[in-house]
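Structural characterization, general
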Amino acid sequence: MTKTIAYEIIQRYEPIEEVKKQHQMSVEGFTRYMDSSECSVFKNEYKYVYQDMNHPLCDYFISTSHNTYLISDQLVGRSDLWGYISALVKGCRCLEIDCWDGSQNEPIVYHGYTLTSKILFKTVIQVIHKYAFMTSDYPVVLSLENHCSPAQQEVMADNLQAILGDTLLSDMLDDFPDKLPSPEALKFKILVKNKKIGTLTETRGRKGSNKHGLVEEFEEDVDQEDDEDATSDVFALKSSQGKKVEAEKKNQEKEVESGGLTLFKKKKMKMALALSDLVIYTKAEKFRSFEHSRIHQQFNENNSIGESQARKLSKLRAKEFIFHTRNFITRIYPKATRTDSSNFNPQEFWNIGCQMVALNFQTPGLPMDLQNGKFLDNGGSGYILKPQFLRQSKSNFNSNEALKNSKPITLTIRLISGIQLPVSNLSSPKKADTLAIIEIYGVPDDQMKQQTRAIKKNAFSPRWNETFTFIIHVPELALIRFVVENQVLITGNEFLGQYTLPVLCLNKGYCRVPLFSKAGENLDPASLFIYVWYIR
């Protein structure tokens, strides 16, 4: 640090004029400096959009929510507009809307065949229009789970056009007739993800024409066991001494057959052209196999794959999966047995380049900590450029064999002390036995954790002064999570706070780590004081 930089820091943070004039810093000034964003463990320059936003959409990880309208469980929970507001404020860029026929020709949103409450489709779109670009300027994708009749599909189309106006992308961009546009080209645009009839050229040919009453029938391949719809298909009400709600899982996890093939049956579907023609670059297409996609899948067709099938494919055919996600937007969604709205670990699917890893945003815990931490990067825009090895066609990267040809970094962290750690539910700050844990999430070879000893009866200012070293082979995919716990020998440790961020967003030197509650609330002034250094 040069004298000039030191003087600038003194000018910014020293509150006492006499001390400032002598180019010195008081304890108060130094405390203010250490509490500032300049000393945050998260690099300041990454708090803004800094990545190249001119790549095609498939080159980005995209912040994605599952069943966004639900704010608790999947069976009897409430559907609420707050689900959409909260997700958009967090920078989510892909929202899910389950659409069903409602009374008075008004489509409704809820988890079909369950006791979840219902909200109007048009009010959902109104809320999305209001909050879509509050946190990020980059495109929002509305993933429609469409169960509506053609008549109410037309109402949906009318709602989308009337409410969203010019923000709705309803025609292909002239510069992108045969390739996916970039987030930059789609700034302040809302895209509809749904089934589609015909080609983009045919859609353009119908532009401006009257599509009222125009319906196309087509056959769709439906999985013999469909994870995403299974929850609602099995819900039943039963009366005995009172009304009891029973939910049984009808469909079990899919089996991935040799060659990545899944069994399908044919189902006749009807689609209103008015809604179909609003689908441009995000056409929902059933995933059959990697081979089928290589031969037949079009650039604007996206796949949704259940977590169980995706997990098996990622273990058995990782290279083919990565090749697939280089070319096509792939969404991963939770399995039907997660009726409590629990989440899977999203890291395993980011490792193979899946763009849209859909999580239940209403459920706090490790998966959402990883989600929130990852998308802090690139200004919280909801779009993160995938590493080059997940984008380049000539890359031989395999997340299951990451040690080959890796360029690891050596990361050293000294956990010095804690500052006003959160009050424990089980004991007072003077009685809490506090310890800190550092966890690394990334490719399988990089997953590890280390922890300090417990400092007895001190949550106000525990001092560990312990140093840990990590060898991280694929830092481009790695996240680091700092966790503080109260050591409780009988019941297991009590969670006090955490902070997660991408490894490559770490500042060097002496840093302050803010802490957040399980629900994601900032626990300021609670923090950790650490020293960070890494080399590659």
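Above this text you will find the structure in question.
Residues numbered from 1 in each chain as written. Predicted model: local features only at pLDDT ≥ 70, side-chain atom pairs only at ≥ 80, totals over all residues. Heavy atoms only, no water.

Some points on the overall build of the chain
Along the chain, the regular secondary structure elements total 14 helices and 23 strands. Taking 536 residues into account, the globule formula puts the C-alpha radius of gyration at 24 Å, and the chain, at 25 Å, falls close to it. Residues classed as buried in the chain amount to 56% of the 536 residues present. Intrachain contacts of the chain at a sequence separation of at least 6 include 72% that bridge at least 24 residues. In the form shown here, the chain has an accessible surface area of approximately 23,900 Å², with 50% of it arising from carbon and sulfur atoms. Taking the average place of the 66 positive charges on the side chains of the chain and the average place of its 65 negative ones, the gap between the two points comes to 4 Å. (Helix = DSSP H or I, 4+ residues; strand = E, 2+ residues; numbered from the N terminus. Rg over C-alpha atoms; globule rule 2.2 N^0.38 Å. Buried < 20%, exposed > 50% of the residue type's maximum accessible area, 1.4 Å probe, protein only. Contact = heavy atoms within 4.5 Å. Areas by Shrake-Rupley, 256 points an atom, 1.4 Å probe, with all protein chains shown as cover. Lys, Arg positive; Asp, Glu negative; His and termini not counted. Charge placed at Lys NZ, Arg CZ, Asp CG, Glu CD.)

Describing the nonpolar core
Among the nonpolar cores identified, the biggest contains 69 residues, and Ile97, Ile128, Leu142 and Leu160 are the most heavily contacted of them. By residue number, the principal contributor to this core is helix α5 (residues 121-131), which donates 6 residues. Counting residues in each nonpolar core, the second largest holds 36 residues, with Ile409, Leu501, Val503 and Tyr534 among its members. (Core = buried A, V, L, I, M, F, W, Y, C linked by side-chain atoms within 4.5 Å.)

With respect to helix α6 (residues 150-164)
For α6, spanning 15 residues, the distance from its first C-alpha to its last is 21 Å, which sits close to the expected 21 Å at 1.5 Å a residue. Gly165, located one to two residues past α6, shows a positive phi value of around 55°. (Expected span 1.5 Å × (residues − 1).)

Digging into the packing of helix α4 (residues 82-89) against α5
At a closest axis distance of 9 Å, the pairing of α4 and α5 adopts a crossing angle of 20°. With respect to each other, α4 and α5 are oriented roughly parallel. Between α4 and α5 the crossing geometry is right-handed. Residues Tyr84, Ile85 and Leu88 of α4 lie in contact with α5, whose contacting residues are Val124, Val127, Ile128 and Tyr131. Residues that form the contact of α4 with α5 fall into these classes: 7 nonpolar, no polar and no charged. (Axes fitted to C-alpha atoms, helices over the stretch in contact; angles between N-to-C directions. Parallel < 35°, antiparallel > 145°, perpendicular 65-115°, else oblique. Left-handed = near helix turned anticlockwise from the far one by under 90°. Nonpolar A, V, L, I, M, F, W, Y, C, P; charged D, E, K, R; others polar.)

Structural notes on helix α3 (residues 27-34)
In an α-helix there are 3.6 residues to a turn, and that puts residues three or four apart on one side. Residues Gly29, Tyr33 and Met34 constitute the buried set of α3. Across the axial projection of α3, the buried residues extend over an arc of 135°, all falling on one side. For α3, the secondary structure elements touched by its buried residues are α1 (3-13), β22 (509-516) and β23 (522-535). (Arc of directions from axis to C-beta.)

Observations regarding the pairing of strand β18 (residues 448-451)
Each regular strand carries side chains that alternate between the two faces of the sheet. The pairing of strand β17 (residues 434-441) with β18 spans 4 bridges and is classified as antiparallel. When the sheet's bridge partners are listed, Ile438 is paired in β18 with Gln450. Between β17 and β18, which pair antiparallel in sequence order, lie 6 residues. (Pairing = 2+ DSSP bridges.)

Points about the packing of aromatic side chains
Applying the stated criterion to the full structure yields 16 aromatic pairs. Look at Phe290 and Phe321: their rings are 5.3 Å apart centre to centre, the planes differ by 55°, and that puts the pair in the tilted class. With Phe290 in helix α10 (residues 290-296) and Phe321 in helix α12 (residues 318-327), the pair connects residues that are 31 residues apart, well separated along the chain. Side by side, Phe290 and Phe321 carry an identical accessibility label, which is buried. By the ring-pair criterion, three or more aromatic residues cluster together here, those being Tyr60, Tyr138 and Tyr383. (Phe/Tyr/Trp six-rings, centres within 6.5 Å; stacked < 30°, edge-to-face > 60°.)

Examining the pairing of β17
Most of β17 sits out of view: 8 of its 8 residues are buried. The alternating pattern of β17 places Thr434, Ala436, Ile438 and Ile440 and Leu435, Ile437, Glu439 and Tyr441 on opposite faces, both of which are buried. Bridge count for β17 against strand β20 (residues 479-486) is 8 bridges, and the pairing is antiparallel. Across the sheet, Ile437 pairs through a bridge with Val483, a residue of β20.

Some words on the environment of Ser40
Looking at the element boundaries, Ser40 is found in the loop between α3 and β1 (60-65). C-alpha of Ser40 to C-alpha of Leu200: the two residues are 160 residues apart in sequence and 47 Å apart in space. Beyond its immediate stretch of four places on either side in the chain, Ser40 contacts Lys47, Asn507, Cys511 and Arg512.

Section: unusual backbone geometry
For the bond running from Asp524 to Pro525, omega is 15°, close enough to zero to count as cis. Positionally, Pro525 belongs in strand β23. Phi at Gln104 is positive, roughly 55°, even though this residue is not glycine. Following the sequence through the fold, Gln104 ends up in the loop between β2 (94-100) and β3 (108-109). Its relative accessible area of 76% is what places Gln104 among the exposed residues. Non-glycine residue Asn378 carries a positive phi angle of around 55°. Relative to the assigned elements, Asn378 resides in the loop between α14 (366-374) and β15 (383-385). Assessed through its relative accessible area of 0%, Asn378 is described here as buried.

Some points on the pattern of salt bridges
Within this structure, the stated rule accounts for 27 salt bridges. One salt bridge connects Arg206 with Asp277, and the closest N-O pair in it is separated by 2.8 Å. A residue pair is termed long-range when its members are at least 10 positions apart, and Arg206 in the loop between α7 (200-205) and β7 (215-223) and Asp277 in the loop between α9 (273-276) and β11 (283-284) qualify at 71 residues. On the basis of relative accessible area, Asp277 is assigned to the buried category, the value being 2%. As a salt-bridge pair, Arg512 and Asp524 come within 2.7 Å of each other at their nearest N and O atoms. Of the two residues, Arg512 is situated in strand β22 and Asp524 in strand β23; the sequence distance between them amounts to 12 residues. Residue classification places Arg512 among the buried positions, given a relative accessible area of 13%. Judged by its relative accessible area of 52%, Asp524 falls in the exposed class. (Salt bridge = Lys/Arg side-chain N within 4 Å of Asp/Glu carboxyl O.)

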